[in-house]
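Okay, here's what each chain looks like letter by letter:
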Number of protein chains: 2
Amino acid sequence: MKSQSEIKQIISAQGLKATLQRIAVYEALMNVPNHPTVEMLMEYIGEKYPSIATGTVYKTLENFAENNLVKKLRTENEAMRYDVFLEKHFHLIDSEKEKLIDYYDSELSNYLENYFKQKNIPNFSINDIKIQIIGKYLE
Amino acid sequence: MKSQSEIKQIISAQGLKATLQRIAVYEALMNVPNHPTVEMLMEYIGEKYPSIATGTVYKTLENFAENNLVKKLRTENEAMRYDVFLEKHFHLIDSEKEKLIDYYDSELSNYLENYFKQKNIPNFSINDIKIQIIGKYLE
DNA sequence: CTGCTTGCAAATGATTTGCAGGAAA
DNA sequence: TTTCCTGCAAATCATTTGCAAGCAG
């Protein structure tokens, strides 16, 4: 994980003020597993910093997303989730069990990268490819 | 497109009662372009059937989704969207311009199908693969 | 200092729910 | 007839907003 001062740097590097609240949100993002929702983050943050407001956490996360510190992701039925681990990966989703699991597959990542390097989609320039593999998580 | 009686059959085939409301929703799904939201569907439906309630449309769409008559999809910032065209395809998304464009690519579909036929993901059985290609729509 | 941030509480907007009455099969 | 479906209106829940006060740079 990252130290407090590393987090400060990460935030400052984006031209954002490294406030207590932002550091707390970043910490929570790293420590709450499984692509937390705002609710999950608030639970974690509330233990250490009970005075940080929910609205602030929403604003902070929007802010982080705009500055590429987190990725937002959402499934069909749930609230928005946030992912602070930016290494390329995909997601396995079981809606029934409400599971959302990271799926790292560099072979597939590389294939797709090459595929779209060659195959040009008219009138569209690609920033990112999100893959959600929908199915059943077997106990 | 499909006739009224074809729609009736499609709905009945899932064991659902072919009510006026459901037919109207299915019609709207076929005729409102670009993966409509409930709001867009209501606009279309309201012209012909002003008495159909919004709640009914929500329930109908949930119902259709459970019975594989539509797919639900949602992007980061928007309301739920519904897709009644079930042929395999992916989506190009430009969040800034709020564009969501169908992307048909059978080469990619086939590759992925074979890829996951061989590559077994432990503890997970795949039903569907959703790909969202995020980027900028030019022009 | 000064402008970016925060806390708070109210507002919004999409979606869900409960229930009494209605209509397909 | 009987079960499934609908309309309505209220409720819920995630998220956004406005604004006065606070704090990082």
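Reference entry: report on the structure contained in this document. (Residues numbered from 1 in each chain as written. Chains lettered and ligands numbered in written order. Predicted model: local features only at pLDDT ≥ 70, side-chain atom pairs only at ≥ 80, totals over all residues. Heavy atoms only, no water.)

## Structural notes on the pairing of strand β5 (residues 124-137) of chain A
Now for step 1: In the sheet, strand β3 (residues 90-94) of chain A pairs with β5 of chain A via 3 bridges, with the strands oriented parallel. From the neighbouring strand, His91 of chain A faces β5 of chain A, where its bridge partner is Gln132 of chain A.
Now for step 2: When β5 of chain A meets strand β5 (residues 124-137) of chain B, the two strands line up antiparallel, connected through 13 bridges. When the bridges of β5 of chain B are listed, Ile134 of chain A appears paired with Asp128 of chain B. (Pairing = 2+ DSSP bridges. Helix = DSSP H or I, 4+ residues; strand = E, 2+ residues; numbered from the N terminus.)

## Topic: the interface of chain A and chain B
Now for step 1: Taken residue by residue, the interface counts 35 residues in chain A and 35 residues in chain B.
Now for step 2: For the pair chain A and chain B, the summed buried surface comes to about 3,400 Å²; carbon and sulfur atoms form 59% of the total.
Now for step 3: Of all residues in chain A, Glu76, Phe124 and Lys130 of chain A bury the most surface against chain B, accounting for 19% of the area lost on that side.
Now for step 4: Where chain A packs against chain B, one counts 6 salt bridges.
Now for step 5: Joining chain A to chain B, the criterion identifies 20 residue pairs in polar contact (both at pLDDT 80 or more).
Now for step 6: The element contributing the most residues to the side of chain A that touches chain B is β5 of chain A, with 14 residues.
Now for step 7: The class makeup of the residues in the side of chain A that touches chain B is 18 nonpolar, 7 polar and 10 charged. (Contact = heavy atoms within 4.5 Å. Buried area = accessible area lost by both parts, 1.4 Å probe. Salt bridge = Lys/Arg side-chain N within 4 Å of Asp/Glu carboxyl O. Polar contact = N/O pair within 3.5 Å; in protein donor to acceptor, adjacent residues only side chain to side chain. Nonpolar A, V, L, I, M, F, W, Y, C, P; charged D, E, K, R; others polar.)

## Topic: the packing of helix α3 (residues 38-48) of chain A against helix α4 (residues 54-66) of chain A
Residue and element names in this part refer to chain A.
Now for step 1: Their axes nearest at 10 Å, the elements α3 and α4 cross at an angle of 120°. With respect to α4, the axis of α3 lies oblique. α3 and α4 meet at a crossing whose hand is right-handed. In this structure, α3 uses Val38, Leu41, Met42 and Ile45 to contact α4, whose residues at the interface are Thr54, Val57, Tyr58 and Leu61. (Axes fitted to C-alpha atoms, helices over the stretch in contact; angles between N-to-C directions. Parallel < 35°, antiparallel > 145°, perpendicular 65-115°, else oblique. Left-handed = near helix turned anticlockwise from the far one by under 90°.)

## Observations concerning helix α3 (residues 38-48) of chain B
All names here are of chain B.
Now for step 1: Those residues of α3 lying buried are Val38, Leu41, Met42 and Ile45. Buried residues of α3 fall within an arc of 100° about the axis and therefore sit on the same side. In α3, the exposed positions angled more than 90 degrees off the buried face are occupied by Glu39, Glu43 and Glu47.
Now for step 2: Buried positions along α3 lie against α2 (20-31), α4 (54-66) and β2 (81-83). (Buried < 20%, exposed > 50% of the residue type's maximum accessible area, 1.4 Å probe, protein only. Arc of directions from axis to C-beta.)

## Focus on the side chain of Thr75 of chain A
Now for step 1: Relative to the helices and strands, Thr75 of chain A resides in the loop between β1 (71-73) and β2 (81-83).
Now for step 2: Under the relative-accessibility criterion, Thr75 of chain A is labelled buried at 6%.
Now for step 3: Apart from residues no more than four positions distant in its own chain, Thr75 of chain A is found in contact with Ile93 and Leu100 of chain A together with Arg74 of chain B.

## Some words on the environment of Val25 of chain B
Residues and elements named next belong to chain B.
Now for step 1: With respect to the helices and strands, Val25 occurs in helix α2.
Now for step 2: Here Val25 falls in the buried class, since its relative accessible area comes to 1%.
Now for step 3: Linking Val25 and Gln9, residues 16 residues apart in sequence, is a C-alpha distance of 14 Å.
Now for step 4: In this structure, Val25 is in contact with Ile45, Val57, Thr60, Leu61 and Phe64, ignoring residues within four places of it in sequence.

## With respect to the protein's contact with DNA strand D
Now for step 1: In the region of DNA strand D, 15 residues are neighbours, and Tyr58 of chain A together with Thr19, Gln21, Arg22 and Thr56 of chain B sit closest.
Now for step 2: Of all atoms in DNA strand D that approach within 4 Å of the protein, 71% are sugar or phosphate atoms.
Now for step 3: Here a phosphate oxygen of DNA strand D sits 3.0 Å away from a polar atom, N or O, in the main chain of Met80 of chain A.
Now for step 4: Between DNA strand D and the protein, one listed contact pairs a phosphate oxygen with a side-chain N or O atom of Arg22 of chain B at 2.5 Å.
Now for step 5: Those elements that place two or more of their residues in the surface near DNA strand D are α4 of chain A together with α2 and α4 of chain B.
Now for step 6: Its residues assigned to classes, the surface near DNA strand D shows 6 nonpolar, 4 polar and 5 charged. (Near = heavy atom within 4 Å.)

## Examining the environment of Tyr103 of chain A
Now for step 1: Tracing the sequence through the fold places Tyr103 of chain A in strand β4 (residues 99-103).
Now for step 2: Taking relative accessible area as the criterion, Tyr103 of chain A reaches 8% and is therefore assigned buried.
Now for step 3: When the C-alpha atoms of Tyr103 of chain A and Ile131 of chain A are compared, they prove to be 9.6 Å apart, with 28 residues separating the residues in sequence.
Now for step 4: Here Tyr103 of chain A is in contact with His89, Phe90, His91, Leu92 and Ile133 of chain A together with Tyr115, Phe116, Lys119 and Ile121 of chain B, once residues within four sequence places are set aside.
Now for step 5: Looking at Tyr103 of chain A, its side chain comes within polar contact range of the side chain of Asp105 of chain A, at 2.5 Å.

These figures capture arrangement, not role.
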